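Summary of the model geometry
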Amino acid sequence: ERRPTGEEERHVRPELGDEDAWLEVLVTMSYRPATDARDAGSYQISYRLDSLDTLKGYRQALVKEGITEHRVTDHGNARALYFKDPEGNPVELYVDSPFYTPQPCGEPLDLDRSNDEILAQTEKMCRSRPRFMSREAWMASIQAKLDTRF
């Protein structure tokens with residue numbers, strides 16, 4: 001039996017009934033002895049949101065509740081808010097952008113700026129990177145690759 005070494009990651013996206021509402025769980029499987037509870041199991045739970053305004057609203061709610069330790073990142077293809085739940089588990093709230101850029105990519109994001117300013121900042125960043133394209137064009141290219149395989 002082949003046993004992987006090191007760590008393997010896989011994304012699990014269980015459907016929640018609504019095609020636009022799903023939960024992504026990044027699971028890190030470790031085949032080494034766990035010396036700490038953080039060494040194995042779920043790395044983070046990610047929730048895709050419907051809009052930048054919703055992401056801004058969640059950030060405001062966190063701050064109102066006194067949760068000021070969080071990180072806001074522009075990944076080019078998505079804008080994300082990271083924080084820990086009361087048990088210390090990492091949580092990501094994110095919203096897709098209309099652009100595609102290869103990952104990893106992450107720049108600081110100021111959610112106090114207007115949506116138009118954020119959109120312009122994201123587009124500028126994505127256009128400065130190799131293989132820029134719209135999210136729609138990227139999805140079409142992935143579909144074309146899948147169509148040739150089946």
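Everything below is about the structure printed above this text.
Residues numbered from 1 in each chain as written. Predicted model: local features only at pLDDT ≥ 70, side-chain atom pairs only at ≥ 80, totals over all residues. Heavy atoms only, no water.

Moving on, we get to the overall build of the protein. For the protein, the helix and strand inventory stands at three helices and nine strands. What you see in the protein, going N to C, is helices and strands ordered as β-β-β-α-β-β-β-β-β-α-β-α. Within the protein, buried positions represent 31% of all 150 residues. Accessible surface, the protein as shown: approximately 10,400 Å² in total, 51% of it carbon and sulfur. (Helix = DSSP H or I, 4+ residues; strand = E, 2+ residues; numbered from the N terminus. Buried < 20%, exposed > 50% of the residue type's maximum accessible area, 1.4 Å probe, protein only. Areas by Shrake-Rupley, 256 points an atom, 1.4 Å probe, with all protein chains shown as cover.)

Once that is clear, we can look at unusual backbone geometry. Note: most residues except glycine have negative phi, and most peptide bonds are trans. Here the amide bond leading from glutamine 103 into proline 104 is cis, since omega sits at 5 degrees, within 30 degrees of zero. The topology assignment puts proline 104 in the loop between strand S7 (99–100) and strand S8 (107–108). The backbone phi angle of arginine 131 is positive, close to 65 degrees, even though this residue is not glycine. Within the secondary structure, arginine 131 is located in the loop between helix H2 (115–127) and strand S9 (133–134). Judged by its relative accessible area of 57%, arginine 131 is exposed.

Turning our attention to the pairing of strand S5 (residues 78–84). With six of seven residues buried, S5 is to be regarded as a mostly interior element. In terms of strand pairing, strand S4 (residues 71–74) meets S5 through four bridges, oriented antiparallel. Its bridge partner being in S5, valine 72 is matched across the sheet by leucine 81. Here S4 folds back onto S5, and the loop between the two strands holds three residues, one of which, glycine 76, carries a positive phi near 85 degrees. Note that S5 and strand S6 (residues 90–96) share seven bridges and pair antiparallel. Residue pairing for S6: alanine 80 is matched across the bridge by tyrosine 94. Where S5 hands over to S6, the hairpin turn is made up of five residues, of which glycine 88 adopts a positive phi near 90 degrees. (Pairing = 2+ DSSP bridges.)

In terms of nonpolar packing, the biggest core is built from 13 residues, with Leu52, Leu55, Leu81, Phe83, Leu93 and Leu111 touching the most fellow members. Among the secondary structure elements, those contributing two or more residues to this core are helix H1 (52–64), S5 and S6. Not counting chain neighbours up to four residues away, the residues in contact with leucine 93 comprise Tyr47, Leu49, Leu55, Tyr58, Arg79, Ala80, Leu81 and Phe83. (Core = buried A, V, L, I, M, F, W, Y, C linked by side-chain atoms within 4.5 Å. Contact = heavy atoms within 4.5 Å.)

In this model H2 runs 18 Å from its N-terminal to its C-terminal C-alpha over 13 residues, within 8% of the 18 Å that 1.5 Å per residue would give. Every buried residue belonging to H2 is among Ile118, Thr122, Met125 and Cys126, and all of these are buried. The buried residues of H2 occupy an angular sector of 95 degrees when projected down its axis, which confines them to one face. Of the exposed residues in H2, those oriented more than 90 degrees away from the buried face are Asp116, Lys124 and Arg127. Where H2 is buried, its residues meet H1, S4, S5, S7 and S8. (Expected span 1.5 Å × (residues − 1). Arc of directions from axis to C-beta.)

A few words now on the state of the cysteines. Considering all chains together, one arrives at zero disulfides under this definition. For the unlinked cysteine cysteine 105, the closest cysteine sulfur is that of cysteine 126, found at 6.1 Å. On the accessibility criterion, cysteine 105 (9% relative accessible area) is buried. (Disulfide = S-S within 2.5 Å.)

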